[in-house]
Structure formats: structure tokens, C-alpha cells
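Reading the structure
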Amino acid sequence: MTRQLESVGTEPTPLAARRPPEAGLSTADRETSAWFAEHYGDAADQIISFFENDGISMAGHDIADVGCGDGIIDLGLALKSGARSVVGFDIAPTDPDWLLRRAKDEGVADQLPDNLEFRTCEPRRLPADDDSFDFVVTWSAFEHIEDPVAVLREIRRILRPHGILFLQIWPLYHSEHGAHLWQCIPDHFVHHLRSDDEIKRAVRACTKHSPEQAEEFLEVFDELNRVTLDDLQRAMLAAGIRVAKLELQSESIQIPPELARRSLTQLGISGVKLLAVLG
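All of these numbers come straight from a predicted model, not from anything done at the bench.

Digging into the overall build of the chain
Along the backbone of the chain there are 9 helices and 7 strands. What you see for the chain is a C-alpha radius of gyration of 19 Å, in line with the 19 Å of a compact globule of 279 residues. Taken over 279 residues, the chain has a buried fraction of 51%. Within the chain, contacts between residues separated by at least 24 positions form 76% of all contacts whose residues are at least 6 apart in sequence. Taken as a whole, the chain presents about 13,000 Å² of accessible surface, with 48% of it coming from carbon and sulfur. The centroid of the 28 positive side-chain charges in the chain is displaced by 3 Å from the centroid of its 47 negative side-chain charges.

Notes on the pattern of salt bridges
According to the stated counting rule, one finds 18 salt bridges in the structure shown. A salt bridge links Asp 45 to Lys 80, with the shortest nitrogen-to-oxygen separation between them at 2.8 Å. Of this pair, Asp 45 sits in helix α1 (residues 27-52) while Lys 80 sits in helix α2 (residues 72-80), and the two are 35 residues apart along the sequence. You can call Asp 45 partly exposed: its relative accessible area is 30%. Take Lys 80: its relative accessible area is 32%, and that puts it in the partly exposed class. Two residues, Asp 187 and Arg 194, come together in a salt bridge whose shortest N-O distance is 2.5 Å. Residue class for Asp 187 comes out partly exposed when judged on its relative accessible area of 38%. Residue classification places Arg 194 among the partly exposed positions, given a relative accessible area of 30%.

Comments concerning a negative patch on the surface
A contiguous patch of negative charge, built from Glu 212, Glu 216, Glu 219 and Glu 223, is present on the exposed surface. With respect to the helices and strands, the residue Glu 212 is situated in helix α7 (residues 211-223).

Examining the environment of Ile 72
Checked against the element boundaries, Ile 72 lands in helix α2. Ile 72 has contacts with Trp 35, Phe 36, His 39, Tyr 40, Trp 98 and Leu 99, leaving out every residue within four places of it along the chain.

Some remarks on a nonpolar patch on the surface
A surface patch of nonpolar side chains, amounting to about 240 Å² of accessible area, comprises Val 243, Leu 246 and Leu 248. Looking at where Val 243 falls in the secondary structure, it is placed in strand β6 (residues 241-249).

Cut-offs used in this document
Residues numbered from 1 in each chain as written. Predicted model: local features only at pLDDT ≥ 70, side-chain atom pairs only at ≥ 80, totals over all residues. Heavy atoms only, no water. Helix = DSSP H or I, 4+ residues; strand = E, 2+ residues; numbered from the N terminus. Rg over C-alpha atoms; globule rule 2.2 N^0.38 Å. Buried < 20%, exposed > 50% of the residue type's maximum accessible area, 1.4 Å probe, protein only. Contact = heavy atoms within 4.5 Å. Areas by Shrake-Rupley, 256 points an atom, 1.4 Å probe, with all protein chains shown as cover. Lys, Arg positive; Asp, Glu negative; His and termini not counted. Charge placed at Lys NZ, Arg CZ, Asp CG, Glu CD. Salt bridge = Lys/Arg side-chain N within 4 Å of Asp/Glu carboxyl O. Patch = residues over 30% accessible without salt bridge, like charges linked within 9 Å, V, L, I, M, F, W, Y side chains within 5 Å.

Okay, structure coming up:
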């Protein structure tokens, strides 16, 4: 459930004024800096405001992030939400030394906050006690999870009775960028219009990235669970969780004639943010 290096589909929020200037940075450094901005400065803020718009404050509460990846979002939540604790979970260990170096480079922190922690989990098991968190958040992770029902049941287990789940997915598989391969193939709906073999040849022939990166992109493509919004709702209900607030993400799209009979909701809903509660 590791969060991959992919755009969140929104314009990054500017960082603090003391962020160092980008003049002289390499292309790779600029990409890493933009990635940090999107997640520390944009994704974390979106999560906080999604709660606050319903009058819900994260201050003084315990937060879990399922599929935390590199931990940048968790750093943002730990520093900006006023949370008592933020615990990031992922099947791949999060590197706090790397995160601290990025935080220093971006000018947002000189040390990781005391309320931030990372734990390595199993694909279907979270190392946390029952009823131990007030909020669970997950950002661009559930399209990568092999068994959504099992993980949602774990989320239900670790949430306190009054707890709330925030879940974001972008892009959903059947939408125009759902293959997660825009770094190599700019064509829209490529996963619906080309065979898997054609896609793999195109990614491996891309000269923008190293062969190792190409294989990482293809690994992500192969692991996508192809969940739809309705699939997600069924999984949540099976786990004893119900959606209480829903925000759809979409944009104007050109539908190729080959896809004229495909579900418009699947093609047109590019992502989703939601709040869910137990019951």
C-alpha cells in the first residue's frame, strides 16, 4: 500500500517563505521539491480542511495514516493539525532520516516532531491496539491495496467508536489517467485502448526515465486493484463502515469512440474524497 511518486492532480500550495530558492537545482531535485510541496503543502491541507469544513478539528486527537509511503503528508499533519499523535503505517518501512533531510531542505522543520511515528505493517494487519485512533486517513493508497475489505476491517478495529475515516483516491482506475503511467505515456485512457503488452513496450521504450524507474511504473500498473467507487462502497459496508460525506473529483474529458459504451460514471469520475464513520 505504499504511496507512489505520482501527482495528486491539484496545483501545489506554496511552502513557507523560508523555503530555499530553486535556482541551480537539478531536474530531479526540482521534481522532488514539487512532490514535497504537493504532499506537505497541499494534500495535508486538503485533509485538514475537509474535516474543518464540517466543523471537525483534528487538534488534540490521535491520527493514523494507512499507506503513508514516504511520510510527507504525516509530517504536514503532525506540524499543522495540532494532533496529539500521528502514526503512519505502510508495508514498506518509512525512512525518517530521508524525511528529515527533505524537511530541512524545504525549510519546514529542523527536526521531526515528537508527535510523529511510523510503523511497518502487514498487507492485511495494522500493528495497533483496538480503539486506538480518533481519525484514520489514507491518501492515494486504496487503489493499490490487494484486499480492501480486510484493510477496512482493520481500520474499523483501530478506530474508536466515535472515529472518522478520511479516504482519498486519485486517479480511479477506469478514469483517463487510471493506469498511473502518465510519466511515460501521455495518452488518455491508455489502459482501455492498448493491450498490456503494448503498454509495457511503450513504458520500457520511454527515454524520460531509467529502466529501473520504468519497471517500478509497471509494477504499480500491475498491482492496481481496479476498484470502482461502487466497489469501494461495498467494501466499506462489508467492513462495517458507512460513507457520511462524499466529494467527487472530475473534469471535462474527451471520450474515444472505442469507449462509447463504457460506464460514464467510471470514465468520468477521476477521484474521490470522503468521510466515513462506523456503523
